[in-house]
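So you can see what is in the structure, the chains are spelled out below.
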Amino acid sequence: QLQLVESGGGLVQPGGSLRLSCATSGFTLDYYAIGWFRQAPGKEREGLSCISSSGGGRKYADSVKGRFTISRDNAKNTVYLQMNNLKPEDTAVYYCAASLGCTLVADDFRSWGQGTQVTVSS
């Protein structure tokens, strides 16, 4: 079974940056696509980005395109989400998840982390 643990969240001012990490264990990461999602109170879970198992394919939601960058280091079993120019509407719990394909659909992902809180406020 693949286990995922998010870290790197916190409080940041608008316009600031954070880098989230998703550490995995249980299986080699080479076979899995990894997605990043977020969920704010009262909102449905939103797919933000995914990266293919090889790292050659990436997708971004319109809400984060140009501001967020996903990357992976399979040797370290870790996937990253670099978040720049953060806005108050980015405030949410951020989750990483594993799937056999790179999509932004939550139901396509079988394994999930517990989430890390990101708060963007002045």
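In the block above lies the structure referred to throughout.
In this text, all values refer to a predicted model and were calculated from it rather than measured experimentally. (Residues numbered from 1 in each chain as written. Predicted model: local features only at pLDDT ≥ 70, side-chain atom pairs only at ≥ 80, totals over all residues. Heavy atoms only, no water.)

### A look at the packing of aromatic side chains
Link 1 in the chain: Counted under the stated rule, the structure contains four aromatic pairs.
Link 2 in the chain: For the pair Phe-37 and Phe-109, a centre-to-centre distance of 5.0 Å together with 80° between the ring planes defines the contact as edge-to-face. Residue Phe-37 is located in strand 4 (residues 33–39), and its partner Phe-109 is located in the loop between strand 9 (92–99) and strand 10 (111–112); the two are separated by 72 residues in the primary sequence.
Link 3 in the chain: Residue classification places Phe-109 among the buried positions, given a relative accessible area of 5%.
Link 4 in the chain: Three or more aromatic residues joined by ring pairs make a cluster, and in this case those are Phe-37, Tyr-95, Phe-109 and Trp-112.
Link 5 in the chain: When the ring centre of Tyr-95 is taken as origin, the NZ or CZ atom of Arg-45, which lies over that ring, is 4.0 Å away. (Phe/Tyr/Trp six-rings, centres within 6.5 Å; stacked < 30°, edge-to-face > 60°. Helix = DSSP H or I, 4+ residues; strand = E, 2+ residues; numbered from the N terminus. Buried < 20%, exposed > 50% of the residue type's maximum accessible area, 1.4 Å probe, protein only. Lys NZ or Arg CZ within 6 Å of the ring centre and 35° of its normal.)

### Observations regarding the environment of Tyr-95
Link 1 in the chain: Within the secondary structure, Tyr-95 sits in strand 9.
Link 2 in the chain: Its relative accessible area of 14% is what places Tyr-95 among the buried residues.
Link 3 in the chain: Along the chain, Tyr-95 and Gln-39 lie 56 residues apart, while their C-alpha atoms are 8.2 Å from each other.

All we've got here are geometric facts, nothing functional implied.
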